[in-house]
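Secondary and tertiary structure notes
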Amino acid sequence: MDQPEPWLRGPIEGVEAAVMPVFFSFAQVREDLAKYVADLTPEQLWEKTNSGSIGFHLRHLAGSVDRLTTYLMGDQLSQAQLQVLKRESEGTADAATLLAVVDEALRDSERRLRTLDPDSLYEARSVGRKALPTSVLGLIVHLAEHTQRHLGQVITLCKATQSPA
């Protein structure tokens, strides 16, 4: 019998309840990417479409997790993070490399999220150069949903790539 989706597997030890949905989202990302991306060639990964390449969405998923987590923790982006953002659509990396990049970003975010004080959920945060207002909780929600948005795009592009012409 198949295992239930991550959000139906019960609490994660050592993770605050309000942050747990992000961990479930990340677990779903890892499982679905392993299923859909692992066997693609670099050519398939970097083929440009109207929706961007699969490689772009994988790099953007990893980069946006890093950037959103940075804002969530109350920090601003570094020059290195801004440079990564500028290069997300460029690449020739293979599936194993891209999956490792995504996993590293997810693990780093999980590590930082485990340190989050639950009393800070309603604290103000700002995003980007314009310092757009949000909160810790707003960023937690967006971190989970934005990650799932790009996972969905990757899955859709993978299915289109693998379907007969």
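Now for a look at the structure at hand. Fair warning: this is a prediction, and the values are worked out from it, not measured in the lab.

**Remarks on the side chain of glutamine 81**
- Relative to the helices and strands, glutamine 81 is located in helix H4 (residues 79-86).
- By relative accessible area, glutamine 81 is classed as buried at 11%.
- Apart from residues no more than four positions distant in its own chain, glutamine 81 is found in contact with Asp66, Arg67, Thr70 and Gln76.

**Some remarks on unusual backbone geometry**
- Positive phi values are uncommon outside glycine, yet alanine 131 reaches one of about 50°.
- Residue classification places alanine 131 among the partly exposed residues on the basis of a relative accessible area of 43%.

**Brief notes about the side chain of threonine 147**
- Counting through the fold element by element, threonine 147 comes out in helix H6 (residues 136-162).
- If near-sequence neighbours (up to four positions away) are discounted, threonine 147 is found in contact with Ser25, Phe26, Val29, Leu61, Val65 and His142.

**With respect to the nonpolar core**
- Counting residues in hydrophobic clusters, the biggest one holds 42 residues, and the most contacted among them are Leu45 and Leu58.
- Elements supplying a minimum of two residues to this core: helix H1 (20-36), helix H2 (42-46), helix H3 (54-72), helix H5 (95-113) and H6.
- Tallying contributions element by element places H6 first for this core, with 10 residues.

**Section: the layout of surface pockets**
- A volume near 230 Å³ is recorded for the largest pocket.
- Around the largest pocket sit Arg59, Ala62, Gly63, Asp66, Val84, Glu88, Val101, Glu104, Ala105 and Asp108, which together line it.
- Only H3 and H5 provide two or more residues apiece to the lining of the largest pocket.
- Of all the secondary structure elements, the ones that give two or more residues to the lining of the second largest pocket are H3, H4 and H6.
- Of the residues forming the lining of the second largest pocket, the biggest block, 5 residues, is contributed by H3.
- Split into classes, the residues belonging to the lining of the second largest pocket amount to 6 nonpolar, 4 polar and 1 charged.

Criteria and cut-off values
- Counting restarts for each chain: residues are numbered from 1 in the order of the written sequence.
- With the structure being a predicted model, the display of local features is reserved for residues of pLDDT at least 70 and the display and counting of side-chain atom pairs for 80 or more, all residues being used for whole-chain, interface and lining totals.
- Heavy atoms from the whole structure form the basis of all side-chain values; hydrogens and water molecules are not counted.
- Helix numbers and strand numbers start at the N terminus; a helix is a DSSP run of H or I with at least 4 residues, a strand a run of E with at least 2.
- Buried, partly exposed and exposed residues are distinguished by accessible area as a fraction of the type maximum, computed with a 1.4 Å probe on protein chains only: under 20%, between the cut-offs, and over 50%, respectively.
- Between two residues, a contact is recorded if the distance between any of their heavy atoms is within 4.5 Å.
- For the purposes of this section, nonpolar cores are sets of buried Ala, Val, Leu, Ile, Met, Phe, Trp, Tyr and Cys residues that join through side-chain atoms within 4.5 Å.
- Of the grid points, spaced at 1 Å and generated over the protein atoms alone, those admitting a 1.4 Å probe that cannot get out make up cavities, while open sets with protein on both sides within 12 Å along at least five of seven lines make up pockets; any residue with an atom within 4 Å of a point is treated as lining.
- Grid points are joined across faces, edges and corners, and a volume is the space filled by probe spheres set on the points.
- Each residue receives one of three labels: charged for Asp, Glu, Lys and Arg, nonpolar for Ala, Val, Leu, Ile, Met, Phe, Trp, Tyr, Cys and Pro, and polar for the others, Gly being one of them.

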